[in-house]
Amino acid sequence: VALKRMLNFNVPPVKNSTGEPVWKVLIYDRFGQDIISPLLSVKELRDMGITLHLLLHSDRDAIPDVPAVYFVMPTEENIDRMCQDLRNQLYESYYLNFISAISRSKLEDIANAAIGANAVTQVAKVFDQYLNFITLEDDMFVLCNQNKELVSYRAINRPDITDTEMETIMDTIVDSLFCFFVTLGAIPIIRCSRGTAAEMVAVKLDKKLRENLRDARNSLFTGDTLGAGQFSFQRPLLVLVDRNIDLATPLHHTWTYQALVHDVLDFHLNRVNLEESTGMESTPAGARPKKKSKKSYDLTASDKFWQKHKGSPFPEVAESVQQELESYRAQEDEVKRLKSIMGIEGEDEGAISMLSDNTAKLTSAVSSLPELLEKKRLIDLHTNVATAVLEHIKSRKLDVYFEYEEKIMSKSTLDKSLLDMISDPDAGTPEDKMRLFLIYYISSAQAPSEIDLEQYKKALMDAGCNLAPLSYIKQWKAFTKMASAPTSYGNTTPKPLGLFSRVMNTGSQFVMEGVKNLVLKQQNLPVTRILDNLMEMKSNPETDDYRYFDPKMLRGSDSSVPRNKNPFQEAIVFVVGGGNYIEYQNLIDYIKGKQGKHVLYGCSELFNATQFIKQV
């Protein structure tokens, strides 16, 4: 909503205006591009009158009679470039929108440039948009993508970090969270664990919200804020969690569609990039092997199949793709059949409309063609994506890993020794083995004895693993042992349903032989459990000493005693140090069982296990 308002020159778009939109140019930097691209497609931009969208630092030609909407971070080089645009008189008028608040001195730089270029009248509006976060789903956001190494897990947890560096990281995170709440139009009640980076974020965010509320003339939280309607009667709860409370989940192999896509494919800002091998044709001897073509697909909110199945276990997804395909084929044949009965070749609308009564059926068939084609596109897309995921599952035995790790995390009995899993040459990549071992190491109440550890290490080395992450996890475990008891992961294990039944029939495109058909039981991961305690006001040793901040209270008090005793309806969980789709999915599944409640999941960056293990 905020973006559409900005693209409409900062006035709310009128619903049923028949007039043409005002044609305009959109100019963004990489940050702006990352914020817009998961939310608005090129077609939607065009519908809003954006004929051209260009990067700020690209060579742009002058288009003298068109207004330009800028959407950029207020950085030194961006400001310089905007001033240059003014001097070169590139556009008719300039609407300057800053992703994050611009400082007074930089604003003066622009003003001076405008005076120098004699373009003061052309700078129509200057706005701070407070949109410095990336929304990936209706209920999920991540802070940044461009400079994410600045706020990464490693950056926050480096042993040699200086206080000033830490301040900078915390300020970056707080700036984004502040933007998030300005856009929501709500002042949260903040809870966080003590002695962690999450606490530093909470203290700074509380202070920033408080200062903004005090300044009544310029407060961003008064009157007609955008989100006022949504959260009017009750304030949301913000739970700030530190990644270090649970390092097993980000390493965990997963079984739900979206999390698998993120784990094994290149999935980034809602776009998945696939390398497609072009069929199995035999290449003539001596010919060059065919180049793999790269394809990218957007998995968005408008993709109904994705919305419905992104949280489903993979076997269900494979089955659903198959069903969709069958129903599509049935419809496609129906259209052909009807046409041939009536002897209509091609798409002759005139001939069709003359034959009235028998045609109600046909016209509906014809009018649903575009819909059918869209359906076909989605089926093809998910067939390709799911097939790519399946290749990984089969070649790396990911179903076995997932099941085994679930057993470790829920402390069930193991049917096969860990050493066998690590030394099995057919199961998984060295990284898969390392992830499995780290989860075992993190989850075990007693660390393995030195003798056992040496044995494991040797097996891991033989399997080609890089042992660097182990030393970090060892230190982390020793440190958290002092701080708190290990987190438990509930005590449920996935139940195998026997091998695939329906999908095994010969017509299916997914050859699922040998892949276990595991179903998930809902169990709460640590992050979800913490949210549950705080949202429902349950007393629990795990969360009882969480600090409590209310930026609306006149004096900040350092207490863990909540003023408000009622359970919350709305909550935002934010993981400082990075999050993943497994946790997001777990929260969504949890909240489905709670009527009328909403949860949003946010994190400082989104990583899969491969990216995470490199940071450890």
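Residues numbered from 1 in each chain as written. Predicted model: local features only at pLDDT ≥ 70, side-chain atom pairs only at ≥ 80, totals over all residues. Heavy atoms only, no water.

A word on the packing of aromatic side chains. Applying the stated criterion across every chain yields a total of 24 aromatic pairs. On the numbers, 4.0 Å between centres and 15 degrees between planes, the contact of Phe-141 with Phe-180 is stacked. Note that Phe-141 is positioned in strand S7 (residues 140–142) and Phe-180 in helix H7 (residues 163–184), a separation of 39 residues in sequence. For the pair Phe-141 and Phe-180, a shared accessibility class is recorded, and that class is buried. Their ring planes at 75 degrees and their centres at 6.2 Å tell us that Tyr-581 and Tyr-584 sit as a pair that is edge-to-face. Within this pair, Tyr-581 and its partner Tyr-584 are both found in helix H21 (residues 581–592), separated by 3 residues, close to a single helical turn. Taken as a pair, Tyr-581 and Tyr-584 share a single burial class, namely buried. Each member of the aromatic cluster is reached from another via a ring pair, and the members are Tyr-257, Phe-267, Trp-306, Phe-314, Tyr-581, Tyr-584 and Tyr-601. One Lys or Arg, Lys-208, reaches over the ring of Phe-178 and ends 5.1 Å from the middle of that ring. (Phe/Tyr/Trp six-rings, centres within 6.5 Å; stacked < 30°, edge-to-face > 60°. Helix = DSSP H or I, 4+ residues; strand = E, 2+ residues; numbered from the N terminus. Buried < 20%, exposed > 50% of the residue type's maximum accessible area, 1.4 Å probe, protein only. Lys NZ or Arg CZ within 6 Å of the ring centre and 35° of its normal.)

What follows covers the sheet that holds strand S11 (residues 271–276). The strands that make up a sheet are held in pairs by hydrogen bonds between backbone atoms, and each pair lies either parallel or antiparallel. Spatially, S10-S11-S12 is the arrangement adopted by the 3 strands of the open sheet, whose pairing is antiparallel. Taken across any chain shown, the strands that pair with only one partner, and hence form the sheet edges, are strand S10 (266–268) and strand S12 (293–298). In this sheet, adjacent strand axes meet at a mean angle of 20 degrees when their direction is disregarded. Examined bridge by bridge, S10 and S11 share 3 bridges and lie antiparallel to one another. By the bridge assignment for S11, Asp-266 is matched with Asn-273. (Pairing = 2+ DSSP bridges. Axes fitted to C-alpha atoms, helices over the stretch in contact; angles between N-to-C directions.)

Per the counting criterion, the structure on display carries 30 salt bridges. For Asp-263, the salt bridge goes to Arg-435, with nearest N and O atoms at 2.9 Å. Placement of Asp-263 in helix H9 (residues 257–264) and of Arg-435 in helix H17 (residues 430–443) is noted, with a sequence separation of 172 residues between them. In this structure, Asp-263 and Arg-435 share a single accessibility class: buried. (Salt bridge = Lys/Arg side-chain N within 4 Å of Asp/Glu carboxyl O.)

The subject of this paragraph is the sheet that holds strand S3 (residues 63–72). Strand order in the open sheet formed by 5 strands is S2-S1-S3-S4-S5, with parallel pairing between adjacent strands. Two strands lie at the open edges of the sheet, namely strand S2 (50–55) and strand S5 (123–128), each paired on one side alone. Strand-to-strand, the axes of this sheet are offset by a mean angle of 20 degrees, without reference to chain direction. Relative to S3, strand S1 (residues 24–28) runs parallel, the two sharing 4 bridges. Note on S3: the bridge partner recorded for Leu-26 is Val-69.

Structurally, Asp-242 is set in strand S9 (residues 237–242). At 2.9 Å, the side chain of Asp-242 and the backbone nitrogen of Asn-244 are in polar contact. Excluding residues that lie within four positions of it along the chain, Asp-242 makes contacts with Thr-196, Ala-197, Ala-198, Val-575 and Val-576. (Polar contact = N/O pair within 3.5 Å; in protein donor to acceptor, adjacent residues only side chain to side chain. Contact = heavy atoms within 4.5 Å.)

A separate point is the environment of Asp-424. Within the secondary structure layout, Asp-424 lies in the loop between helix H16 (418–423) and H17. Relative accessible area serves as the criterion here: at 16%, Asp-424 is assigned to the buried category. Separated by 39 residues in the primary sequence, Asp-424 and Ala-463 have C-alpha atoms spaced 8.5 Å apart. For Asp-424, the contacting residues outside a window of four places in its chain are Lys-397, Lys-416 and Lys-433.

Backbone geometry places Lys-397, a non-glycine residue, at a positive phi of 55 degrees. Tracing the sequence through the fold places Lys-397 in the loop between helix H14 (369–396) and helix H15 (398–409). Located in the positive-phi region is Lys-411, a residue other than glycine, with phi close to 55 degrees. Within the fold, Lys-411 resides in the loop between H15 and H16.

A complete count under the given rule lists 3 cavities of 30 Å³ or more for this structure. Roughly 150 Å³ of volume is contained in the largest cavity. What lines the largest cavity is a set of 15 residues, among which Asn-145, Lys-148, His-268, Leu-269 and Leu-606 lie closest to the centre. A domain split of the lining of the largest cavity shows at least three residues from each of domain 2 (132–246 + 525–615) and domain 3 (263–275 + 294–341 + 366–396). There is about 80 Å³ of room inside the second largest cavity. (1 Å grid on protein atoms, 1.4 Å probe; cavity = no way out; pocket = protein on both sides within 12 Å on 5 of 7 lines; lining within 4 Å. Points joined across faces, edges and corners; volume = space filled by probe spheres on them. Domains from an automatic or database assignment.)

Let's shift gears to the pairing of S3. Of all 10 residues in S3, 7 are buried; the element is thus mostly enclosed. As for the winding sense of the linkage, the β-α-β connection from S3 through helix H4 (residues 76–87) to strand S4 (residues 91–98) is right-handed. (Right-handed = clockwise from strand over helix to strand, strands pointing away.)

Turning our attention to H15. For H15, built from 12 residues, the straight-helix expectation of 16 Å at 1.5 Å per residue is met to within 8% by its first-to-last C-alpha distance of 16 Å. Across the 12 residues of H15, 11 count as buried, placing the element largely inside the fold. Those residues of H15 not exposed but buried are Leu-398, Asp-399, Tyr-401, Phe-402, Glu-403, Tyr-404, Glu-405, Glu-406, Lys-407, Ile-408 and Met-409. Of the residues trailing H15, Lys-411 is marked for its positive phi of about 55 degrees. (Expected span 1.5 Å × (residues − 1).)

We now examine the side chain of Lys-310. Locating Lys-310 in the fold gives a position in the loop between helix H10 (304–309) and helix H11 (314–341). Look at Lys-310 and you get buried, because its relative accessible area is 8%.

The next thing to look at is the packing of helix H20 (residues 526–535) against H21. Running from N to C, H20 and H21 cross one another at 40 degrees; their axes reach a closest spacing of 9 Å. Relative to H21, the element H20 lies oblique. Crossing of H20 over H21 shows right-handed handedness. Of the residues in H21, those touching H20 at Val-527, Thr-528, Leu-531, Asp-532 and Met-535 are Glu-583, Asn-586, Leu-587, Tyr-590 and Ile-591. (Parallel < 35°, antiparallel > 145°, perpendicular 65-115°, else oblique. Left-handed = near helix turned anticlockwise from the far one by under 90°.)

This part covers the packing of H9 against H14. Between H9 and H14, whose axes approach to 10 Å, the crossing angle comes to 70 degrees. Regarding the angle of H9 to H14, the classification is roughly perpendicular. H9 and H14 meet at a crossing whose hand is left-handed. Contacts from Tyr-257, Leu-260, Val-261 and Val-264 of H9 reach H14 at His-382, Val-385, Ala-386, Val-389, His-392, Ile-393 and Arg-396. A per-class count over the contact of H9 with H14 returns 8 nonpolar, 2 polar and 1 charged. (Nonpolar A, V, L, I, M, F, W, Y, C, P; charged D, E, K, R; others polar.)

Turning next to the environment of Ala-463. Turning to its location among the elements, Ala-463 is positioned in the loop between helix H18 (450–462) and helix H19 (468–483). A sequence separation of 32 residues divides Ala-463 from Glu-431, and the C-alpha atoms of the two residues are 9.5 Å apart.

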